[in-house]
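Structural description and commentary
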Amino acid sequence: MALVLQSLDDDKAEEIVTIDLRGRSSVADYMVICSGRSSRQVAAIAEKLLERLKAAYRITARSEGKETGDWVLLDTGDVVVHVFRPEVREFYQLERMWQVPAGKA
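The rules behind the values
- Residues numbered from 1 in each chain as written.
- Predicted model: local features only at pLDDT ≥ 70, side-chain atom pairs only at ≥ 80, totals over all residues.
- Heavy atoms only, no water.
- Helix = DSSP H or I, 4+ residues; strand = E, 2+ residues; numbered from the N terminus.
- Rg over C-alpha atoms; globule rule 2.2 N^0.38 Å.
- Buried < 20%, exposed > 50% of the residue type's maximum accessible area, 1.4 Å probe, protein only.
- Contact = heavy atoms within 4.5 Å.
- Areas by Shrake-Rupley, 256 points an atom, 1.4 Å probe, with all protein chains shown as cover.
- Lys, Arg positive; Asp, Glu negative; His and termini not counted.
- Charge placed at Lys NZ, Arg CZ, Asp CG, Glu CD.
- Pairing = 2+ DSSP bridges.

**So, the overall build of the protein**
When helices and strands are tallied, the protein shows four helices and five strands. Ordering the α and β elements of the protein from the N terminus gives α-β-β-α-β-β-β-α-α. For 105 residues, the compact-globule estimate of 2.2 N^0.38 gives 13 Å, and the C-alpha radius of gyration of the protein, at 13 Å, lies within 12% of that figure. Counting only C-alpha atoms, the protein reaches 35 × 30 × 20 Å along its principal axes. Taking all 105 residues of the protein together, the buried fraction comes to 40%. Restricting the contact set of the protein to residue pairs at least 6 apart, pairs at least 24 apart contribute 52%. Total accessible area on the protein is roughly 6400 Å²; 50% of this is exposed by carbon and sulfur atoms. Looking at the protein, you have 15 positive and 17 negative side-chain charges, and the mean spots of the two groups are 2 Å apart.

**A closer look at the pairing of strand S4 (residues 71-75)**
Note that strand S3 (residues 62-64) and S4 share three bridges and pair antiparallel. The residue of S4 that forms the bridge with Ser63 is Leu74. Counted along the chain from S3 to the antiparallel partner S4, the turn is six residues long, and its residue Gly65 has a positive phi close to 95 degrees. The sheet contact formed by S4 and strand S5 (residues 79-84) spans five bridges and is antiparallel. Among the inter-strand pairings, Leu74 is bridged to a residue of S5, identified as Val81. Counting the residues in the hairpin turn of S4 and S5 gives three residues, including Gly77, whose phi is positive at 105 degrees.

In structure tokens form, the structure reads like this:
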């Protein structure tokens, strides 16, 4: 998880949100959502994260969407990462679906 967050920060991802899914979903332990300013930056953030995961942990994460760069999904097993262009992130609002309402944590 620390490598994921450091990689996103190093590549200037914006509005990084981490959602703890433990006990709420069998899909992953954490979901990380962030934005890039352009399709090119979204694709680059995702590609660099894939490279770092492979180099550090020999993890070959599954990815979807790198070709268009509007929304890239990376599945590392324990952590699912969504990298969006801001307009696409606003449209889908994944954070709202998964975040625990105030007072329910």
